[in-house]
Amino acid sequence: MKDYNQLIFELSKSGRMGYQLPKCDVEQVDLGTLIPSEFLREEVAELPEVSEIDLIRHYTALSTKNYGVETGFYPLGSCTMKYNPKMNEDNAAIPFSKNVHPYQPEETIQGSLELMYDLADQLSEISGFAKTTLQPAAGSQGEMVGLMLIKAYHDSKNDDKRTKIIVPDSAHGTNPASAAVAGFEIVEITSNPDGSVDLDALKAVLNDEVAGLMLTNPSTLGLFETNILEISSLVHEAGGLLYYDGANMNAIMSKCRPGDMGFDVMHYNLHKTMSTPHGGGGPGAGPVGVSERLVPFLPVPVVEKKDTGYFLDYDRPQSIGKVKGFYGNYGILVRAYSYIQAMGRDGLKEVSEVAVLNANYMMHKLKEAYKLPIDKVCKHEFVLSGLNNDKHEVVTLDVAKRLLDYGYHPPTVYFPLIVDEALMIEPTETESKETIDAFIEAMLKIAEEADKSPDLLKSAPHNTIVGRIDEAKAARELILTYQK
Amino acid sequence: MHRFIPSTKEDKKAMLESIGAADMEALFVDIPKEVRLDRELALDESKSELEVTRLMNETLGKNISTDALTCFLGAGAYDHYVPTVVNHLSSRQEFATAYTPYQPEISQGTLQVIFEFQTMIAELTGMEVANASMYDGPTACAEAAMMAVAAGKKKKSIVVSETVHPEVIKVLESYLRHRDVALIIAPMKEGETDYEKLSTLVDETTAGVLVQNPNFYGVIEDAKKSVEIAHGKKALAINYVDPLALPILESPGKQGFDIVVGEGQGLGNDLQFGGPYLGFFASTKKLVRKMPGRICGESVDSRGQRAFVLTLQAREQHIRRYKANSNICSNQGLVALRSTIYMSLMGKAGMKEVAEQCLAKSHYGAKVLTASGKYKLAFDKPFFKEFALVGDKPTKEVNGKLVEAGILGGYDLGPLGVKNGSLLCFTEKRTKEEIDQLASTLEVI
């Protein structure tokens, strides 16, 4: 299994079949008489010809070359790789939910609309906002929507000078990219060494051309921005709005809320905070919560309720329009709803408490062997700055690759950009003390190895199915499809 | 203590002691009092699995699903057959719970699936390269439009045919408005793009021309004409396609399109009330460095074995930040996996048979529905699996009565200007009996 290295195309054999459809029970048609011949395909699309069992073995073999949350510990900073409860999967597969067409008459979709209405309400309560749209497909799309809302707000006041968005240099790359997609110019400000906003730098760029500020709190260094109220009043006084990147919500549920900190708009990552699976890169969901003044601009449709039941409200003249087909990644929304129901107010509180406890405990245990740039209480994650003893020039990448040999998914590396040799660690609340202790032990052992046998790290990983991959060759040769 | 959180009281105590914190509260002292929430969240208490599942079955049970209604509704979301193998394999946790494959040594499964997906999409569309997928069809169109703008100098507009899905046009409006790019709509004539008008709307400032084929109304267009018009003004030709039609229709690549995008829901994915679906995105190799989203490439590892890795990452937001053409930072990984499994299982013959059955059943439907003369086809044009039918009553009213008879009627074309028009869809799942039932029910409404 370990050595399996075939593509599905290489299993293909002419004439083999893995499917059967019911015999066509209406009269056969002649393609040529129904469709002009110049519209018809000449060359057959060369798709695989495989049997069902061969296909199953193929994809099962591929799955064993992956690492999931159920494989082991996944302390990937900023990504909140918590356990994805199985019950959410079953609830998303309820036939009343998955076999529903988005354009069905309203009276036949009352259940789904009720679920969406309630979920939006719950998300608004958790974040302290007036209303939440569920339409964005992912966090980055949520960011884009939030920025479009800010634009629409200023436009509605005929304030067309506000073309700039302030983004700290510690921000996630999607922040500036989303602002650019929404048509803004980006003003980057340097952060304090602890990742917090440099108030002087902020004041220096605030003026009547600023549409808003994008921030995450806790910051990407996992530290709470204690000046948040001052920051929000400074931005508001200058006529700007505040955008909250909800990537770090796992740290603060039931402790404090972005809406109460003075933020005007935020996106959630349901695939982080609300336990929906990451799927190897999606689908996620990025609902956006807004304060009262941004409600009129939310994307259409909004799920609303009247005496006769729930309905999709398109009659919103100030709306920014649609950003995605239909109503959002509904199947992901169902999972998040299932999760919030299971956790409840008591469970969500415990989530944030234990997520923060686990992070502080790990930080405390690792700070001797690894550089800890800022030694104060962290939230749900913390950032190390490479090995304390780096006399053999062992870098963060080597540590990360060596962790693979110990059977762990490495932390996020080289982010945030403002920390040299960054290793960003987020344990989440779903890991036991035993798991965390074992990981700490591995990290300490690696630090020792870095001193005694640095080559072991530099050539890692050794125990994985494949070794380090030649990325330059991939980019140079650009083999993006299988060639016979 | 919650069942999804393994820490015991003793664990918490020991960990707090080890840190030197008096209690849990000591870990939150950095949050200023003024912003602390001084109450519990207004949510229910935690619930057991049994309670949650009961509640969700009750709530969602207020839906009437396509298990109870025979589905003749399409319009961008299709009731195609989903082989059981797709669910079984895609629910393997190694695929479902993994993160984006940034650590290729432990992500070869996801990466190889993406590579296979790219290959199949490129093959179906007749294009040279494809990416790892986008959120859905409409956003893939928006990304294609933005890519066209980025690829051309002095390009300020996108021309889109009125026969493109109305939700695509709405999403394009939202995306382009913020980029100072004009969206120009070329009108429809008798169910297809008015190519003469289209050619007058395309000029040197046009970045891209977008047509759908088969179009929103189900009509198979002479889409090649848009390629000639676009290329005549150095604009990119973009085609929005139904992948289920591609096994029988001429590939967009052969027709000369530069970018091909589409909605991949029909490739092995449930209706799910509109999502998650997946957009696919293919182009010529020349444009690959402007392409949005993730791309997987083949390489070798340090031991000389074939291995896969995300490539051309210098295009993406985490490197280029605000200079990136797109802010997208994920794909629809698990949905792309489902579609890859679907295309592999159905394979060369199965994909073609699905297309042929759709064609045969929609044409049978057209024949029996128009037999009495009460209903007429809105357009006399070749079609694939959908067509516009016109009757003598508003579609909303007709559909209400169809639901009573256990039938999910077509998409209401009234708001789009086709009076009493309905867009009906016939997939390979519909039987002769169901189609006859639709016809006889419609006769008496």
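Rules behind the numbers
Residues numbered from 1 in each chain as written. Chains lettered and ligands numbered in written order. Predicted model: local features only at pLDDT ≥ 70, side-chain atom pairs only at ≥ 80, totals over all residues. Helix = DSSP H or I, 4+ residues; strand = E, 2+ residues; numbered from the N terminus. Rg over C-alpha atoms; globule rule 2.2 N^0.38 Å. Buried ≥ 20, exposed ≤ 12 C-beta atoms within 10 Å, placed from the backbone. Contact = placed C-beta atoms within 7 Å. pLDDT = per-residue confidence, 0-100. Core = buried A, V, L, I, M, F, W, Y, C linked by C-beta atoms within 7 Å. Domains from an automatic or database assignment. Nonpolar A, V, L, I, M, F, W, Y, C, P; charged D, E, K, R; others polar. Expected span 1.5 Å × (residues − 1). Pairing = 2+ DSSP bridges. Axes fitted to C-alpha atoms, helices over the stretch in contact; angles between N-to-C directions. Parallel < 35°, antiparallel > 145°, perpendicular 65-115°, else oblique. Left-handed = near helix turned anticlockwise from the far one by under 90°. Right-handed = clockwise from strand over helix to strand, strands pointing away.

What to know about the overall build of chain A
(1) Moving on: On a plain count of helices and strands, chain A comes out with 15 helices and 12 strands.
(2) Moving on: Scaling as 2.2 N^0.38, a compact globule of 484 residues should have a C-alpha radius of gyration of about 23 Å, and chain A matches this with 25 Å.
(3) Moving on: By principal-axis analysis of the C-alpha atoms, chain A measures approximately 75 × 65 × 45 Å.
(4) Moving on: The proportion of buried residues among the 484 residues of chain A is 58%.
(5) Moving on: Within chain A, residue pairs in contact and separated by at least 24 positions form 72% of the contacts whose partners lie at least 6 positions apart.

Quick notes on the confidence of the model for chain B
(1) Moving on: The predicted model of chain B averages 96 in pLDDT, with 100% of residues at 70 or higher.
(2) Moving on: If you check the scores for this complex, the pTM reads 0.98 and the ipTM reads 0.97.

Description of the nonpolar core
Generally speaking, a soluble globular protein has its nonpolar side chains buried in company with each other.
(1) Moving on: Core analysis: the biggest nonpolar cluster contains 294 residues, and Tyr243 and Val265 of chain A together with Cys141, Ala145 and Ala148 of chain B have the highest contact counts within it.
(2) Moving on: Top element by residues in this core is helix 11 (residues 330-366) of chain A. It accounts for 21 residues.
(3) Moving on: Sequence-distant contacts of Val265 of chain A, defined by excluding residues within four places in its chain, comprise Gly146, Leu149, Ile150, Leu241, Tyr243, Tyr244, Val288, Val290 and Leu294 of chain A.

Some details on the domain arrangement of chain B
Residue and element names in this part refer to chain B.
(1) Moving on: Under the domain assignment, chain B is made up of domain 1 (70-82 + 349-443) and domain 2 (84-340).
(2) Moving on: A straight line from the C-alpha centre of domain 1 to that of domain 2 covers 28 Å.
(3) Moving on: If you look at the interface, domain 1 gives 24 residues, while domain 2 gives 25 residues.
(4) Moving on: Every element with two or more residues in the side of domain 1 that touches domain 2 is listed here: helix 12 (333-369) and strand 14 (386-390).
(5) Moving on: Here the element with the most residues in the side of domain 1 that touches domain 2 is helix 12; it accounts for 6 residues.
(6) Moving on: Residues belonging to the side of domain 1 that touches domain 2 are distributed by class as follows: 16 nonpolar, 2 polar and 6 charged.

Description of the interface of chain B and chain A
(1) Moving on: Across the boundary between the two partners, chain B contributes 167 residues, which contact 167 residues of chain A.
(2) Moving on: No other element matches helix 12 of chain B, which puts 21 residues into the side of chain B that touches chain A.

Side note on helix 7 (residues 139-156) of chain A
Residues and elements named next belong to chain A.
(1) Moving on: Taking 1.5 Å of rise per residue, 18 residues should cover 26 Å, and helix 7 covers 26 Å from first to last C-alpha, within 8% of that figure.
(2) Moving on: Counting buried positions along helix 7 gives 14 out of 18 residues, so the element sits mostly inside the fold.
(3) Moving on: Two residues or fewer after helix 7 comes Asn158, characterised by a positive phi angle close to 55 degrees.

As for the sheet that holds strand 6 (residues 265-267) of chain A
All names here are of chain A.
(1) Moving on: One open sheet accounts for 7 strands, arranged 1-7-6-5-4-2-3; its pairing is mixed. In this open sheet, the two edge strands, each paired with only one partner strand, are strand 1 (131-133) and strand 3 (185-189). On average, adjacent strands in this sheet sit at an angle of 25 degrees to one another, irrespective of strand direction.
(2) Moving on: Relative to strand 4 (residues 210-215), strand 2 (residues 164-168) runs parallel, the two being bridged by 3 bridges. Looking across to strand 4, one finds that Ile165 is bridged to Gly212.
(3) Moving on: Taken strand by strand, helix 8 (residues 174-181) contacts strand 2, strand 3, strand 4 and strand 5 (241-245), and its axis lies near 175 degrees from that of strand 2.

A short note on the domain arrangement of chain A
Residues and elements named next belong to chain A.
(1) Moving on: Segmentation of chain A into domains returns domain 1 (8-63), domain 2 (87-342) and domain 3 (353-458).
(2) Moving on: Here the C-alpha centroids of domain 2 and domain 3 sit 31 Å apart.
(3) Moving on: Each side of the interface is counted separately: domain 2 has 15 residues, and domain 3 has 16 residues.
(4) Moving on: Tallied by class, the residues present in the side of domain 2 that touches domain 3 amount to 6 nonpolar, 7 polar and 2 charged.

Observations regarding the packing of helix 11 of chain A against helix 13 (residues 433-452) of chain A
If you want to describe how two helices pack, look at the angle between their axes and the distance between the axes.
All names here are of chain A.
(1) Moving on: At a minimum axis distance of 10 Å, the contact between helix 11 and helix 13 shows a crossing angle of 25 degrees. On the basis of the axis angle, helix 11 is roughly parallel to helix 13. The interaxial crossing formed by helix 11 with helix 13 has right-handed handedness. Two secondary-structure elements touch here, helix 11 through Asn358, Tyr361, Met362, Lys365 and Leu366 and helix 13 through Ile436, Ile440 and Met443.

Notes on the sheet that holds strand 4 (residues 182-186) of chain B
In sheet architecture, strand pairing relies on hydrogen bonds along the backbone and comes in two forms, parallel and antiparallel.
Residues and elements named next belong to chain B.
(1) Moving on: Here 7 strands make up an open sheet; going across it, the order is 2-10-9-8-7-3-4 and the pairing mixed. Here the strands that pair on one side only, and so sit at the sheet edges, are strand 2 (129-130) and strand 4.
(2) Moving on: By the bridge criterion, 4 bridges tie strand 3 (residues 157-161) to strand 7 (residues 206-213) in an arrangement that is parallel. From the neighbouring strand, Ser157 faces strand 7, where its bridge partner is Thr206.
(3) Moving on: Those strands touched by helix 7 (residues 166-177) are strand 3, strand 4 and strand 8 (236-241), and its axis lies near 170 degrees from that of strand 3.

Some remarks on the pairing of strand 3 of chain B
Residues and elements named next belong to chain B.
(1) Moving on: Counting buried positions over the 5 residues of strand 3 gives 5, a clear majority of the element.
(2) Moving on: Here strand 3 pairs with strand 4 via 5 bridges, running parallel. For Ser157, the partnering residue across the bridge sits in strand 4 and is Ala182.
(3) Moving on: This β-α-β element, strand 3 to helix 7 to strand 4, shows right-handed connectivity.

Regarding the pairing of strand 8 of chain B
Residue and element names in this part refer to chain B.
(1) Moving on: Taken across its 6 residues, strand 8 has 6 buried, putting it largely inside the fold.
(2) Moving on: With burial as the criterion, each face of strand 8 is covered, one bearing Leu236, Ile238 and Tyr240 and the other bearing Ala237, Asn239 and Val241.
(3) Moving on: One ladder, built from 6 bridges, connects strand 7 with strand 8; its direction is parallel. Within strand 8, the position partnered with Gly208 by the bridge is Leu236.
(4) Moving on: The pairing of strand 8 with strand 9 (residues 259-263) spans 4 bridges and is classified as parallel. Bridging across to strand 9, Val241 finds its partner in Gly262.

As for the environment of Lys131 of chain A
All names here are of chain A.
(1) Moving on: With respect to the secondary-structure elements, Lys131 resides in strand 1.
(2) Moving on: Under the C-beta neighbour-count criterion, Lys131 is labelled partly exposed, with 18 such atoms within 10 Å.
(3) Moving on: C-alpha of Lys131 to C-alpha of Val295: the two residues are 164 residues apart in sequence and 6.6 Å apart in space.
(4) Moving on: The contacts of Lys131, once residues within four sequence positions are left out, are Ser124, Val290, Val295 and Leu298.

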